[in-house]
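Structural overview for review
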Amino acid sequence: IITSLTLSLIHILGFRCAGEEKRVGTRTVFVGHRPVSETDAYVEQKFCDNRIVSSKYTVWNFLPKNLFEQFRRIANFYFLIIFLVQVIVDTPTSPVTSGLPLFFVIIVTAIKQGYEDWLRHRADKEVNKSSVFIVENAKQVKKHSEKIKVGDIVEVKADETFPCDLIFLASSNDDGICYVTTASLDGESNFKTHYAVRDTTGLQTDDDIDSLTATIECEQPQPDLYKFVGRINIYRSNQEPVARSLGPENLLLKGSTLKNTKKIYGVAVYTGMETKMALNYQGKSQKRSAVEKSINAFLVVYLCILVSKATVCTTLKYIWQSNPFNDEPWYNQKTIKERDTFKILRMFTDFLSFMVLFNFIIPVSMYVTVEMQKFLGSFFIAWDKEMYDEEIKEGALVNTSDLNEELGQVEYVFTDKTGTLTENSMKFIECCIDGHKYKDGISEVDGFSHTDGPLRYYGKCREELFLRALCLCHTVQIKGGDNVDGLRVNQECWTYISSSPDEIALVKGAKKYGFTFLGHEADYMKVQNQKNEIEKQRSLNLTTHFECFNLLFNSVLGKFLLFCKGADSSIFPRVQQDEIQQTKVHVERNAMDGYRTLCVAFKELTQEDYKKINDQLSEAKMALQDREEKMARIFDDIEADMHLIGATAVEDRLQEHAAETIEALQTAGMKVWVLTGDKMETAKSTCYASRLFQTNTELLELTTKTMGDSDRKEERLHELLLEYHKNTCTLRHAHSLIFFCLSYRSWTVSQEYGLIIDGSTLSLILNPSQDSSSSNYKSIFLQICLKCTSVLCCRMAPLQKAQIVRMVKNTKGNPITLSIGDGANDVSMILEAHVGIGIKGKEGRQAARNSDYAVPKFKHLRKLLLAHGHLYYVRIAHLVQYFFYKNLCFILPQFLYQFFCGFSQQPLYDAAYLTMYNICFTSLPILAYSLLEQHINIETLTSDPRLKISDNAMLQWKPFLYWTFLGSFEGLVFFFGVYFLFQNSSLEHNGKVFGNWTFGTIVFTVLVFTVTLKLALDTRFWTWMNHFVIWGSLAFYVFFSFFWGGIIWPFLKQQRMYFVFAHMVTSVSTWLAIVLLIFISLSPEILLVVFKNAKRKNHQVRNERIYHNASLLWRGASVLLNTDRLWGSNAPFAPRERLPASHRVIPSCTKKGQKVLTRGTAPIRGSRCISSAFSVSL
């Protein structure tokens, strides 16, 4: 009875957890949807389905949501109001003049954004409609992935991706082990081992797994990929329930891929948008470029100008009409009545009429041109042959064309490491034993016989001991090969797999010298030694945050040995101090070369020690509370007083030209941060190899290792933050050794800082305890980061990556950020940054699918930012300024005309000219310019990163005011030039006079030719298309004017333009005035171009003279002081590239007032007094 009541209570609580998840904080999952008692009815639980949604719109909300987003733009909303005013109020212009451009903008933008979202829908459908197999009633049922429910038992086969988060129940392996890769989650493509609870490992068929009755109690969905807490309760008939703890090693995450295992069974615990992968996605929001923000600011200015013009004209109109002789005629009784009765209303409608008359100062057609420029310009990125990768047969991809210009304004680059900077392919380079170096030059026959000096402790066996450590102290597994009598044959077919790629490299390195790892057999590891003998040794693998242990009984030596392998920072404090120095030299040299270094140590144990340690570890592993702390205390006891054997050097291969790309980005003024989920040592070595860290960079560490005791972590963090802040944020105390300045370059030598932080420390900084001393952690940390030349963040969870990006993005000045990565773990930071770039990696396309741009390799980032981004920014900045300029030229004469027509709202231009000015006459030349202009050659932009334009320089207020002044000047010239021409209204020999429409047409003709020729003057890169649209637009205007005025149009009430243009061009005075006014209008621009060219030539001549003299001085100093060996060909006067890391000059103080030059860390002798001699020479 008690058992029945307990089961019923569990069932009720389980159902309540499903309905009250947020309050309880846990959930209960019924495996296979079976109740734990046959007497209980199963009530289906309410969890979300397994659909993944990354799209933004649906069929039902596309229209209202898209319209809402578009009318958030000031210009769109403004022209909507103007259009409604023209429809409601009697205005001097037709509603078509405002409505047609507005509707065209809205439709084009909606089509473009709808197409982009349709691509996301298609990608989601591909994932949601993929086929999976679910076990129901001992049979496999094929369903779509979106149909999976929490509690379903799912079968996943080799090389398939897990469709949701699963608790691992059983696999095709008898030991209940499976191997997965999580490249799309944490960026690591290496194999990770997962385990099923031992009570379910035998359920290897559909019938067996369907007979399982169990419940799983676990935490509610949370985004941390490395944490999971749960418990499985297994019920058997006539037996007490069995409870087993569940941890991260039992959870198979959505997005991971099953490897080296035929199949597994798992039960779904988190589905759809509740999976850890989905929870690490940031919500999609509309990214807006800095250019669009500048446009809005400029629009506000022009709106103020527009309102001012309308107010002035309205006020002056009523001042003008206050004179009875200027008012309406006395006999118009209706006009008198309206004026007396609705005076305020008339003033308001007059104000609106003037607003409509001058509304063309706001360039709504600019948005059409900008959208077309972005959409069409994005094809140039996709068509770039230099960004095409032959390996994957793909090129660059543009998912969002709204951010093309942002590529040229990036200030911070946040990059993933694995698969982005590196190929994740490691190679064994060398090793040292007792300070003696061994490299590839030693053959397998000779073994390690080429050494100099005696070997201590074990003599010749010392080398074999080192090799055995490499073969036995790891987590490597073997895939492939034939197994005969417990031994693997056909070694050529073997594949080593491991969660750490450097372990595979070390095992291969040991195999190269005669010690071959043959695999596992139960609790034993098999090794083939140099004598081709098979050694079978019992082992116990242990792993901590910093070291990998292996406790084994060596049958050859007849002793218990504890091998330990880890980073030098972890091994050196645990070994005899007199053994460190000779190995430390090799470790530091290899680290400076960018290699991944590991140290190997060992310790002898007695049989009693072995038994005691084994019992302690077995007890600690069974603990459900504080398991990690209990095992850490055991490790502290057994890892003391070890003996150092040697060290290894492994190369993690960088992607091609990755280091050069980072160096180019830094030269361009961008700061590069590496955000990775990888270990600190591996990431640190990669940063050195990729030139992110230089040999003279002082590293500041904020990691778990530097935090020390867990009881005072926050106190220690506070101390370190204050110390680092003092070092970095005060005046740079490192003395400058040489200061060299040319007109275009300055070079100083000072201390560089680099910061290293891990995920747990970042959590303390971003989420401190609620006390006053920790409230400013984030502010101090941010100041330190911004002062460092480079930052490495390791062991980062995906959401932590996004937090870092958000923190920098929201700093003072709002710098433009860019994130680049290749896995699903990078999606959050890709979505958070201003610009997100995905690498088309080999392990999934989640990053590429959710990014704004996708490229095959990291090296393509250089051309994307320095060439494409630079040109897109220059083009669109010129486009924006040009549109405001030409519309000011267009509408200023209309404003001045009101002073000569009694403020009667009489248009200066015909309605056809008003409508077609921005749509037809002046739109194509600027569109072609914004697509094709190259003011600097692409090759030059790519090779010289210093040409990057920073801080949105072309859209600041200074250039905006210059363009505004230019537009105002030319508008005044247009109007008053023609006005003075009309002082004598008889412009023909027969005495015929020209009227107001001829006046307006002459002004409009000068206007069209001037703004078009202004663009021709700005064009530096001429193509046939530029010639076609510039001269074609002018020809089209002339043709249209003849055509429009040469026919009597039946749909027009007034034929006011009939034969006006043809009549106008018959006057010689008109031709002379047009040519003269065009020249006067363009004269400031022509003079500015001439002045700039002359100044540039003088600047080049002066630089060459200074450069030549300085080169002679430097060569003389080099001869006298013998500094050629210091600088080589990299003297400051020779190349423009950065000096190599090994040749950087850093200050080194010896005695008071004395300085020497150092190369790396060793001072160069014979260089004393060089600072004084060099300064005197200069």
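These remarks concern the structure in this document. (Residues numbered from 1 in each chain as written. Predicted model: local features only at pLDDT ≥ 70, side-chain atom pairs only at ≥ 80, totals over all residues. Heavy atoms only, no water.)

Our next topic: the overall build of the protein. If you tally the helices and strands in the protein, you get 38 helices and 40 strands. Counting the 1178 residues in the protein, one finds 53% classified as buried. In the protein, the share of contacts with a sequence separation of at least 24, taken over all contacts with a separation of at least 6, comes to 73%. About 53,400 Å² of surface is accessible on the protein, with carbon and sulfur atoms providing 57% of the total. (Helix = DSSP H or I, 4+ residues; strand = E, 2+ residues; numbered from the N terminus. Buried < 20%, exposed > 50% of the residue type's maximum accessible area, 1.4 Å probe, protein only. Contact = heavy atoms within 4.5 Å. Areas by Shrake-Rupley, 256 points an atom, 1.4 Å probe, with all protein chains shown as cover.)

For an α-helix the count is 3.6 residues per turn, leaving residues at separations of three or four pointing the same way. For helix H11 (residues 343-358), built from 16 residues, the straight-helix expectation of 22 Å at 1.5 Å per residue is met to within 8% by its first-to-last C-alpha distance of 23 Å. The set of residues buried in H11 consists of Asp-350, Leu-352, Ser-353, Phe-354, Met-355, Val-356, Leu-357 and Phe-358. (Expected span 1.5 Å × (residues − 1).)

Here we come to a nonpolar patch on the surface. Side chains of Leu-1017, Leu-1076, Phe-1079, Ile-1080, Ile-1086 and Val-1090 sit close together on the surface and give an oily, nonpolar patch of about 510 Å² of accessible area. When residues in the nonpolar patch are grouped by element, the largest group, 5 residues, is from helix H36 (residues 1068-1121). The residue Val-1090 is located in helix H36 in this model. (Patch = residues over 30% accessible without salt bridge, like charges linked within 9 Å, V, L, I, M, F, W, Y side chains within 5 Å. Salt bridge = Lys/Arg side-chain N within 4 Å of Asp/Glu carboxyl O.)

As a further point, take the side chain of Thr-261. Considering the arrangement of structural elements, one finds Thr-261 in the loop between strand S12 (257-259) and strand S13 (263-270). Here the side chain of Thr-261 touches Tyr-179 through a polar contact of 3.4 Å, landing on its backbone nitrogen. Contact partners of Thr-261, with chain neighbours within four places excluded, come to Ala-158, Ser-171, Ser-172, Asn-173, Ile-177, Cys-178 and Tyr-179. (Polar contact = N/O pair within 3.5 Å; in protein donor to acceptor, adjacent residues only side chain to side chain.)

In this section: the pattern of salt bridges. Following the criterion strictly, the structure yields 35 salt bridges and no others. For the salt bridge of Lys-317 with Asp-350, the shortest nitrogen-to-oxygen distance reads 3.2 Å. Within this pair, whereas Lys-317 is found in helix H9 (residues 290-321), its partner Asp-350 is found in helix H11, the two being separated by 33 residues in sequence. Take Lys-317 and Asp-350: they sit in the same class, and that class is buried.

This brings us to the pairing of strand S34 (residues 790-794). Across the 5 residues of S34, 5 count as buried, placing the element largely inside the fold. Here S34 shows a buried face lined by Ser-790, Leu-792 and Cys-794 and a second buried face lined by Val-791 and Cys-793. Here strand S29 (residues 671-675) pairs with S34 via 3 bridges, running parallel. In the strand pairing of S34, Trp-673 is matched with Val-791. As paired strands, strand S33 (residues 752-758) and S34 are joined by 5 bridges and run parallel to one another. Residue Asp-758 lies in a different strand from S34, and its bridge partner there is Cys-794. (Pairing = 2+ DSSP bridges.)

Moving on to unusual backbone geometry. For Asp-434, which is not a glycine, the phi torsion comes out positive at approximately 50°. Counting through the fold element by element, Asp-434 comes out in the loop between strand S16 (422-433) and strand S17 (436-438).

Moving on, we come to the nonpolar core. Of all hydrophobic cores here, the largest spans 95 residues; its most connected members are Met-366, Val-880, Tyr-909, Tyr-913, Phe-1004 and Leu-1007. Of the residues forming this core, the biggest block, 18 residues, is contributed by helix H28 (residues 860-897). Ranked by size, the runner-up nonpolar core spans 41 residues in total, among them Val-413, Tyr-688, Phe-693 and Cys-794. (Core = buried A, V, L, I, M, F, W, Y, C linked by side-chain atoms within 4.5 Å.)

All right, on to the packing of aromatic side chains then. The description of an aromatic ring pair rests on the distance of the ring centres and on the angle between the ring planes. Under the counting rule described, the total for this entry stands at 50 aromatic pairs. Ring geometry for Tyr-897 against Phe-999: centres 6.1 Å apart, planes inclined by 25°, an arrangement best described as stacked. Remark: Phe-999 occurs in helix H33 (residues 996-1018) and Tyr-897 occurs in helix H28; sequence separation between them is 102 residues. By the burial criterion, Tyr-897 is buried, and Phe-999 matches it. Relative to Phe-980, the ring of Tyr-979 has its centre 5.8 Å away and its plane inclined at 65°; by these criteria the two rings are edge-to-face. (Phe/Tyr/Trp six-rings, centres within 6.5 Å; stacked < 30°, edge-to-face > 60°.)

The strands making up a sheet associate through backbone hydrogen bonding, with each pair oriented either parallel or antiparallel. Taken together, 9 strands build an open sheet; the order of strands is S14-S37-S36-S35-S15-S29-S34-S33-S30 and the sheet is mixed. Only two strands of the sheet have a single partner each, and these edge strands are strand S14 (397-398) and strand S30 (697-702).

Take the environment of Ile-167 next. One can find Ile-167 in strand S5 (residues 165-171). Judged by relative accessible area, which is 1%, Ile-167 ranks as buried. Each C-alpha atom, one on Ile-167 and one on Pro-248, is 9.4 Å from the other, the two residues being 81 residues apart in sequence. Excluding its chain neighbours within four sequence positions, the residues that come into contact with Ile-167 are Ile-216, Phe-228, Leu-246, Asn-250, Leu-251, Tyr-265, Gly-266, Val-267 and Val-269.

The 4 strands lie next to each other as S1-S8-S9-S10, forming an open sheet whose pairing is antiparallel. Two strands lie at the open edges of the sheet, namely strand S1 (26-30) and strand S10 (242-246), each paired on one side alone. Going across the sheet, the axis of each strand differs from the next one's by a mean of 20°, ignoring polarity. Strand direction decides the pairing type here: strand S9 (residues 230-234) and S10, joined by 5 bridges, are antiparallel. When the sheet's bridge partners are listed, Arg-231 is paired in S10 with Ser-245. (Axes fitted to C-alpha atoms, helices over the stretch in contact; angles between N-to-C directions.)

On their own, these measurements won't tell you what the molecule is for.
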